[in-house]
Amino acid sequence: MNPYRLQTEQRTEPLGLGETRPRLSWKLRSERRGAAQSAYRIVAAERAGDLDDPGRLVWDSGRRDSGETLLIAWDGPALRSATRYHWRVEVWDETGEKSRAQSWFETGLLHRDDWTAVWIGQDPVALPLVDPPTDEDLVAPGPQEAPLRLRHTFALPRRPVRARLYATARGVYEPRLNGDRVGDRELAPGWTEYHHRLQYQTYDVTDRVRAGDNTIEALVADGWWSGYVGFDPRRPARHYGDAPAFLAQLVLDFADGSRRVVATGGDWTESDGPIRSADLMMGQYVDARRTASPPRPVAVLDTEPGPLVAEPDEPIRVVAELPAVTVDRRGPHRFVVDFGQNLVGRVRLRVRDAAAGQRIVLRHAEVLTDGELYTDNLRRAAATDTYVSAGADTEVFEPQFTFHGFRYAEITGYPGELTPGDVTARVLHSDTPWTGSFECSDPVVNQLHANIGWGQRGNFVAVPTDCPQRDERLGWLADAQVFAPTATRNADVAAFFARWMRDVVEGQNADGAFRDVAPIIAFEREGAPAWGDGGVIIPWLLWRTYGDRRTLERCFGAMTAWVQHIRRHNPDLIWQHRTGNSYGDWLQVDAETPRDVLATAYFARSTEIVAAAAEVLGRPSGEWAALHAAIKRAFVDAFVGDDGSVKGATQTSYLLALGFDLLPEHLVEPAVGHLAADIENRGNRLTTGFVGVPLLCPVLAEHGRADLAYALLHQDEFPSWGYSIRHGATTIWERWDGWTDHGGFQSAAMNSFNHYSLGSVGDWLYGRVAGIDQTASSVAHSELLLRPTPGGRLTWARAEQETARGLVACGWAIEDDRITVTATVPPGCAAALHIPTADPGSVRENDVPAAETPGVLRAGTSTAGLTLRLTSGRYTFTASTPV
């Protein structure tokens, strides 16, 4: 049994950690059935070679008899700033055999006194008197500015043995050292509630610094700080600040123990360069003919660093490149490029034999109309990049301070013939490690899963956004909370969501109301039902999925304040006051779920979660449990008929009542009947919007109607997932009717073709189609519930998930009236595996009856099949007569 994938604060070998008591984790794997950790020991030292020297250890936990592997808090002495700590874990299995693995983390600047840098920016007094840029110089009409181009030269008598650059910006920045770009981060420092927290980044630049003269530079564009954000027609100067600024210090340690700090200050200079303008939404304009202007003095803007925090999760990076699938000439110098996939990022263009001054314009779109780019749905976002050639034989243009949502690019002004090798799509997103996979026998369902994944990638850019292409790109709470279970299947989003939850909590108002979006831009009103509830639902999900108790603790006060806010303004426990914008079941089709039904159901759900969280954290829970019971009674009294009907009689009305367990037992079956009848009467079509979709297939499957869940999964008539796929979708659409045969495009005012909310069915693909789930009392998949559910036109399905404890897999295949079920359970975990067969006695592994198979603790039969209690290990069972 071996530990692997060691993490500190849910990251692998983080550089620049900000937590003073970081938590350490590891996963386990073994080929042996029944393997389990019986004890562990953690040791730490400042040098890897000292881990075997007891006299040089910084911390020795001693042997601890425990099977725990998750988020074990540092219990050694206080950590020092800017220090690398190597750590090793030794684990003992149930037989006493020992194995070990090691990793490291490095602290950032943990104290205010560690900072000597000051904020610098452009000095308006030093600017030369020149004509302002014309609209032709800009990517779009309106006030836009060139990025800051900052520079400082310093000399060193010798090379340092260690060099770290700590940097951040009001805006987005790219650092350079001695002419080379530093690191691979994109759009750093990302987007947070800047008034409360501004993240700094740490770079190891030891190999970049030399003896003699050195030059440190930074390009700083407006980004989220002072650029266009959130469909606001103003130039947001107006959200955080008027102009970008930069803060950095380079810490150099030498072999003799001396240290030198090179920090931003009044001795830096600023100048113009090739980039004429850059904006996240509008695009970037580069004139390669322009060289650096004479240096000008900078202004010292602020001597206080402000609310700086270390970057706690993985940054945005370029994670993939996609070649052009087709390049179609549309005129003498105009081409339309298809990359075959709706994506988020930018285009890298190779320019050959262009005359100096040749102006090349790139526009971006998700879809075509009559063979041309459809850009109406971008609204105010220009999504246009411009390059003016310097006249060299070969030049490469790739903007770095913008991103677009697109499948197609129009390139105008390109000289000669554009070939597929000249143009590449560069995919970028927050680099959350991908941890899940799903596949099955139906290529349409596989395409659906792929569309869900691409929607997640494209909308996890600094924050979980609603869309990546138009002039919005906001962190909507409802979108995030309905999709978060699916997101945790596809990727390790623990640190990503934990960091974003700080924005959510910091945005809460004095009355306890969460907002619709985080960070707060454009919408400062109180959160609507299902939107504000994201502030309760997501911390609980992080606890259940990753065992993240610390985030739950940090959010608990805000969670209770939200529930108190609702109760205070709705003493009858029917939530109809202070409902914000009350979006309802957003973008439902041919249905209108009553808003008070939806709101009160979410009031109950958030209260139930607060009660459960209080139990976990050892806080009084009785008040919240009693309130939850009272809300359930109020819901039934106000909205539920004696026949199990629910007010509104929409699919979402029933899904909320059933999925949130709001009905008395005797009304559950009738309510399921009403739900099923509505779906069947519509020809197996759904009506659900953002709120209803994540409950649709799970509720049906849980209540014995997996046949209907599969009918909806396979449906390809409007409205359905299959309908968009049949019409070429490679991501999830915002609306079921984003484009239809009978109506064409929906209103351009709100019509994204990359929006993950309706892809929340992905959780069900993993959880019931393939079968990977956990019990209600399980934390971080400690107790697995493996329930593969054959159905529809599938003949096989399988999924894998790298959970917080290790690899879990489950799958099934039916052939010749026999079913084969496979399962993988990581060390230390247990599983209940359900095998759907009408003949439980036929279940075998290698011709051995299931109950006698090594690793099987017990078996139980029912009319739906055989359930086996398993220890860790890999299993393959076969049975006849699949159900």
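Note that the structure is predicted; figures quoted are calculated from it, not measured. (Residues numbered from 1 in each chain as written. Predicted model: local features only at pLDDT ≥ 70, side-chain atom pairs only at ≥ 80, totals over all residues. Heavy atoms only, no water.)

A. Looking closely at the overall build of the protein chain. The helix and strand tally for the protein chain stands at 14 helices and 48 strands. Taken over the C-alpha trace, the protein chain has a radius of gyration of 28 Å; the compact-globule value for 883 residues is 29 Å, and the two agree within 12%. Sequence separation of at least 24 residues holds for 74% of the intrachain contacts in the protein chain that already meet a minimum separation of 6. For the protein chain, the exposed area adds up to about 31,400 Å²; of that, 48% sits on carbon and sulfur atoms. Charge separation in the protein chain, taken as the distance between the mean sites of 91 positive and 116 negative side-chain charges, equals 4 Å. (Helix = DSSP H or I, 4+ residues; strand = E, 2+ residues; numbered from the N terminus. Rg over C-alpha atoms; globule rule 2.2 N^0.38 Å. Contact = heavy atoms within 4.5 Å. Areas by Shrake-Rupley, 256 points an atom, 1.4 Å probe, with all protein chains shown as cover. Lys, Arg positive; Asp, Glu negative; His and termini not counted. Charge placed at Lys NZ, Arg CZ, Asp CG, Glu CD.)

B. Main features of the side chain of serine 293. Relative to the elements of secondary structure, serine 293 occurs in the loop between β20 (283–287) and β21 (296–302). At 2.8 Å, the side chain of serine 293 and the backbone nitrogen of aspartate 272 are in polar contact. The residues contacting serine 293, other than those within four sequence positions of it, are Ser271 and Asp272. (Polar contact = N/O pair within 3.5 Å; in protein donor to acceptor, adjacent residues only side chain to side chain.)

C. Just the sheet that holds strand β39 (residues 783–786), in detail. Strands sit in the order β38-β39-β43-β47-β46 across an open sheet of 5 strands; the sheet is mixed. A strand with exactly one partner marks an edge of an open sheet, and here the two such strands are β38 (772–774) and β46 (856–862). Within this sheet the neighbouring strands show an average axis-to-axis angle of 20°, counted without direction. Across 5 bridges, the pairing between strand β43 (residues 830–835) and strand β47 (residues 865–870) is antiparallel. (Pairing = 2+ DSSP bridges. Axes fitted to C-alpha atoms, helices over the stretch in contact; angles between N-to-C directions.)

D. Broad picture of the packing of aromatic side chains. Within this structure, the stated rule accounts for 37 aromatic pairs. Between tryptophan 74 and tyrosine 85, the aromatic rings sit 5.7 Å apart at their centres with planes inclined by 65°, giving edge-to-face as the arrangement. With tryptophan 74 in the loop between β6 (72–73) and β7 (84–93) and tyrosine 85 in strand β7, the pair connects residues that are 11 residues apart, well separated along the chain. The interplanar angle of 55° and the centroid separation of 6.4 Å between the aromatic rings of phenylalanine 438 and tyrosine 766 together place this pair among those described as tilted. With a gap of 328 residues between them, phenylalanine 438 in strand β33 (residues 436–440) and tyrosine 766 in helix α14 (residues 762–770) connect regions that are remote in the sequence. Over the ring of tryptophan 104 we find arginine 84; its NZ or CZ atom is 3.6 Å from the centre of that ring. The side chain of arginine 457 reaches across the aromatic face of tryptophan 454, ending 5.0 Å from its centre. (Phe/Tyr/Trp six-rings, centres within 6.5 Å; stacked < 30°, edge-to-face > 60°. Lys NZ or Arg CZ within 6 Å of the ring centre and 35° of its normal.)

E. Summary view of the sheet that holds strand β1 (residues 2–8). As summarised here, the arrangement of the 3 strands in space is β1-β3-β6, forming an open sheet in which the pairing is antiparallel. Lying at the two open borders of the sheet, with one neighbouring strand each, are β1 and β6. In terms of strand pairing, β1 meets strand β3 (residues 23–29) through 5 bridges, oriented antiparallel. Its bridge partner being in β3, glutamine 7 is matched across the sheet by serine 25.

F. Just the pattern of salt bridges, in detail. Counted according to the given criterion, the structure contains 87 salt bridges. With a shortest N-O distance of 3.8 Å, arginine 100 and aspartate 52 are connected by a salt bridge. Taken as a pair, arginine 100 in strand β8 (residues 98–107) and aspartate 52 in the loop between β4 (37–45) and β5 (59–60) lie far apart in primary sequence, 48 residues in all. A salt bridge links arginine 568 to aspartate 511, with the shortest nitrogen-to-oxygen separation between them at 3.2 Å. Here aspartate 511 lies in the loop between α4 (494–506) and α5 (534–546) and arginine 568 lies in helix α6 (residues 549–569), a separation of 57 residues in the sequence. Taking relative accessible area as the criterion, arginine 568 reaches 45% and is therefore assigned partly exposed. Of the residues examined, aspartate 511 reaches a relative accessible area of 23% and is grouped as partly exposed. A network of salt bridges, in which partner residues are shared, links Arg84, Glu106, Arg162, Arg164, Asp204, Asp253 and Arg259. (Salt bridge = Lys/Arg side-chain N within 4 Å of Asp/Glu carboxyl O. Buried < 20%, exposed > 50% of the residue type's maximum accessible area, 1.4 Å probe, protein only.)

G. A look at the pairing of strand β15 (residues 212–221). Counting buried positions along β15 yields 8 of 10 residues, so the element is predominantly enclosed. Pairing analysis gives 9 bridges linking strand β10 (residues 148–156) to β15, with the strands arranged antiparallel. Directly across from leucine 150, in β15, lies its bridge partner alanine 218. Here strand β12 (residues 172–177) pairs with β15 via 6 bridges, running antiparallel. Each bridged residue has a counterpart across the sheet, and for valine 172 the counterpart in β15 is alanine 221.

H. The environment of glycine 722, seen in detail. Within the secondary structure layout, glycine 722 lies in helix α13 (residues 721–726). Look at glycine 722 and you get buried, because its relative accessible area is 5%. Distance in space between the C-alpha atoms of glycine 722 and glutamate 97 is 52 Å, their sequence separation being 625 residues.

I. α5, seen in detail. With 13 residues, α5 should cover 18 Å at 1.5 Å per step; its first-to-last C-alpha distance of 17 Å lies within 8% of that length. The buried count for α5 comes to 13 of 13 residues, which makes it a mostly enclosed element. Backbone geometry just downstream of α5 places glycine 547 in the positive-phi region, at approximately 70°. (Expected span 1.5 Å × (residues − 1).)

J. Structural detail: the environment of aspartate 466. Relative to the helices and strands, aspartate 466 is located in the loop between β35 (463–464) and α3 (477–490). A C-alpha to C-alpha distance of 52 Å links aspartate 466 and valine 848, two positions 382 residues apart in sequence. Look past the residues within four positions of aspartate 466 in its chain and what remains in contact with it is Asn459, Glu472, Arg473, Leu474, Trp476, Asp479, Asn754 and His755. A polar atom in the side chain of aspartate 466 sits 3.4 Å from the side chain of tryptophan 476.

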